[in-house]
Amino acid sequence: MPIIFSTSSMALPATLARFTGLNFLKNAAVGLNPGGSFYLPTNILLIAFFNYYYTFLQLDPDDVSDQLKRQGASIPLVRPGKSTAAFIKTVLSRISVLGSVFLAILAAGPAVVEQATHLTAFRGFAGTSVLILVGCATDTARKVQAEIISQKYKNIEFYDTEKY
């Protein structure tokens, strides 16, 4: 999701420039287009921002802490309550940094290759395409494996209690 939000945000100046015709929006759109001077740094910063924001939007540390407390569960060596919420917030912050780096590399990879080689063939091939392809391939492999296992169980003869 952070990559999608980032890409949509970077397309906003170009969209507004088409409607308004303002020169500063046209200049911003040129700089934020793939291959533009501000494309990579802005894309990486927006991915980091949206990743951090989206992570804490989905997993509120205080809410997770309260749910753990209500269920009688706890994190080893961490006291329930505010200490748990602070611990979860720290862990989420660290994971968000790693996730942001991964997503930035994934999204910026084709742009870096394009700028280094001056080939525009990678423009339609984004890192998100690779992410989707890997997800679909993994899901397909999991379904095939489940089907193979179910076929093995169909061939097993179970003990028939009515016979004896």
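Residues numbered from 1 in each chain as written. Predicted model: local features only at pLDDT ≥ 70, side-chain atom pairs only at ≥ 80, totals over all residues. Heavy atoms only, no water.

What about the UniProt feature "transmembrane region" (unreviewed entry) in the chain?
For step 1, the next point in the chain: Look at the UniProt record and you will see "transmembrane region" (unreviewed entry) annotated at residues 36-54 and 91-113.
For step 2, the next point in the chain: Spanning residues 36-54, this segment combines 84% helix with 0% strand, and its end C-alpha atoms are found 27 Å apart.
For step 3, the next point in the chain: Summarising residues 91-113: 100% helix, 0% strand, and an end-to-end C-alpha distance of 33 Å. (UniProt positions renumbered as here; feature names shortened; annotations may be inferred. Helix = DSSP H or I, 4+ residues; strand = E, 2+ residues; numbered from the N terminus.)

Quick notes on the pattern of salt bridges
For step 1, the next point in the chain: In this structure the tally under the stated criterion is 1 salt bridge.
For step 2, the next point in the chain: A salt bridge links K143 to D139; its shortest N-O distance comes to 3.5 Å. Linking K143 with D139, this pair stays in helix α6 (residues 127-154), spanning 4 residues, or about one helical turn.
For step 3, the next point in the chain: For K143, a relative accessible area of 56% corresponds to the exposed category. (Salt bridge = Lys/Arg side-chain N within 4 Å of Asp/Glu carboxyl O. Buried < 20%, exposed > 50% of the residue type's maximum accessible area, 1.4 Å probe, protein only.)

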